[in-house]
Structure formats: structure tokens, C-alpha cells
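Coordinates in review
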Amino acid sequence: MNSPINKLQLRSFHAVAEEGSFTKAADRLGVSQPTLSEQVRALEQRYGVRLFERVGRGVDLTDLGRRLRDVTRRITADEVAAEALLASARGLRSGRLRVMADAPHLLLPILGLFHRRHPEIQLSIGFGNTSAVRLALKDRRCDVAVLPDLENDPGVVSHLLRRDRLIAMVARDQVWRERRSVGLEDLLQQTLLLREPGSGTRARLERALAEACLTPTNTLEVGSREAIAEAAAAGLGIGVVSESEFGHDRRLRKLEIRGANLTTSEYLVCLAIKSEEPTVRALLEAAQELAE
């Protein structure tokens, strides 16, 4: 027990704790699942503890496991910071950058410019709804994120990417053929297509409805922007999306939503403690250049 803790076992634990699955963690580390399971089992046996409860095909952390995950997150963050510091001495010729967003259209042009300048930096790109991306940033599972409607927070550094507004989209051959705009109350006369809980678009729309003392009673929950567009095109209801995400689908047309402040803002965000890491700083600089 006097020997130092096995770092490979600790990394194996951390991967499973973050992924919630031995299979996903093995893919993340590029090892076989039996090898990963053995590393975690050896760590538990060495200290006579249980770090996971096996639940179906996944795992839940024990109380001790959750506390150890908090420690391994700090260790991982320190390793990333050390790697970034050393990479900066070589002019960003190595390193990695983990980025997440709630939609690809704002993020990918920035990453394209960054990659052309720093092709040797390994990029990890993930997508999720607003809540999932915000949590990943907070938990340091990503270095930079694209997030909407960011509240003032001294713990983050942000760069405004875009201001937008929400619009309604309907099937071209369905309701309101002659209209160019609708009111919030009009939306409730039809089936309202909603994103899943945690979506920033859904939260912004629900806030506007609540401010107008309106409660939707006929809704259909759809799990992605693409699915919202397909459902609207099929005549299943009225979708609400950011105007810049409307696209050029000939099956659909957009309608302004009157009588409500439905503007949104999208920001490129990082934790303040990471803002001076060379890879993060280089990405922020790429975003600023594209905005000019």
C-alpha cells in the first residue's frame, strides 16, 4: 500500500465515471472492455472499496466514487493545463482541444480556421442541447463551448458570435398560407412542436409564453432541430427555431412571431481559468477574426 497509486487504474476509473459505461469508456481510451474492467477492479480491490454500482448495461457511482471523480477531474484539468503549457513552447505543434456546442453551424467555421492554422492540435468535437453543453463546460469535460443567452458570470470568458431571433416554421402547403407573421397566441391554436427539455430554444419560447400568461396544451416533443423541421414539413405542427437555422427547405416557410421579445444570443465560452491556455486563446482569436 506504500507504493504510489496506479495512474492507469485512476485514468480507467475516470473514463468510466465520465462516460457512465465501461463500453463507452473503453472506446474513449482505445482499449478493450475486459482490460478496462480489470483496471477498475484492481483499483477497488487494492483499497477494499466499491466505486461503482452496476445498473443494467451502465454504472452508477457510489458516494465514494463521486468524491473520487471530483478529484480525478481536477487531476485531468491539471494534466491538460500542463500539456497546453508545454505545447505553447513549441508554437502549438501538439496538444488537444475539446469543444462542444448546441448546434454545428456557428462552431464549425471557427474550427475550420483554427485547424488550418494549427493542424497538429487534436480536436474533439461534441454536440448536445444547451443544458448538456453547459454542464460539460462546468465539469471541465470540454475546454470551449458555444452557448446561448449567457448570463453575466465572472467565472467565464465569452465572445459574442451572433444575435438572432426565433421564428415559426410551417409546412408550405398547410396552415396560414397567406400570413407573413403570427402572434404567440396563434401558436397555441396548432400543435406546437417542442425540443426536448434542456434545449435553449425551448426554454426561450416557454419563457415568452409564460410572460404572456399563455400555456400550451397541444404539444409534440421532438428530439432535435432536424426532427423539428421534418415534423413541421410533414404537417404535424408548428416548429420554432432560430432564424439563422431555418435553412432553405422548400417544403417549409417561415413566419415572424409578433408581440414578443424572442431574440437570442450565441457566445463562444470558456472558463476564465482556461482563457490563457494557448489552444483556447488561439480558438478565441479565430472566432474574433471571423467576426470582423
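Residues numbered from 1 in each chain as written. Predicted model: local features only at pLDDT ≥ 70, side-chain atom pairs only at ≥ 80, totals over all residues. Heavy atoms only, no water.

Concerning the pairing of strand β6 (residues 156-171)
Direction of pairing for β6 relative to strand β12 (residues 263-271): antiparallel, over a ladder of nine bridges. Its bridge partner lying in β12, Leu-160 is registered against Tyr-267. The pairing of β6 with strand β10 (residues 239-242) spans four bridges and is antiparallel. From the neighbouring strand, Ala-168 faces β10, where its bridge partner is Val-240. By the bridge criterion, four bridges tie β6 to strand β11 (residues 252-258) in an arrangement that is antiparallel. What sits directly across from Ala-171, in β11, is Leu-252. (Pairing = 2+ DSSP bridges. Helix = DSSP H or I, 4+ residues; strand = E, 2+ residues; numbered from the N terminus.)

Thoughts on the confidence of the model for the protein chain
Atom-level detail of predicted coordinates should not be read off regions where pLDDT is low. Averaged over all residues, the pLDDT of the protein chain equals 87, while 95% of them reach at least 70. Confidence, expressed as mean pLDDT per element, reaches its minimum in the protein chain at helix α4 (residues 63-88) with 83 and its maximum at strand β9 (residues 219-221) with 93. (pLDDT = per-residue confidence, 0-100.)

Quick word on the environment of Ala-208
By the element assignment, Ala-208 lies in helix α8 (residues 200-211). Judged by its relative accessible area of 4%, Ala-208 falls in the buried class. Linking Ala-208 and Ala-260, residues 52 residues apart in sequence, is a C-alpha distance of 6.6 Å. In contact with Ala-208, other than residues within four places in its own chain, are Leu-184 and Leu-262. (Buried < 20%, exposed > 50% of the residue type's maximum accessible area, 1.4 Å probe, protein only. Contact = heavy atoms within 4.5 Å.)

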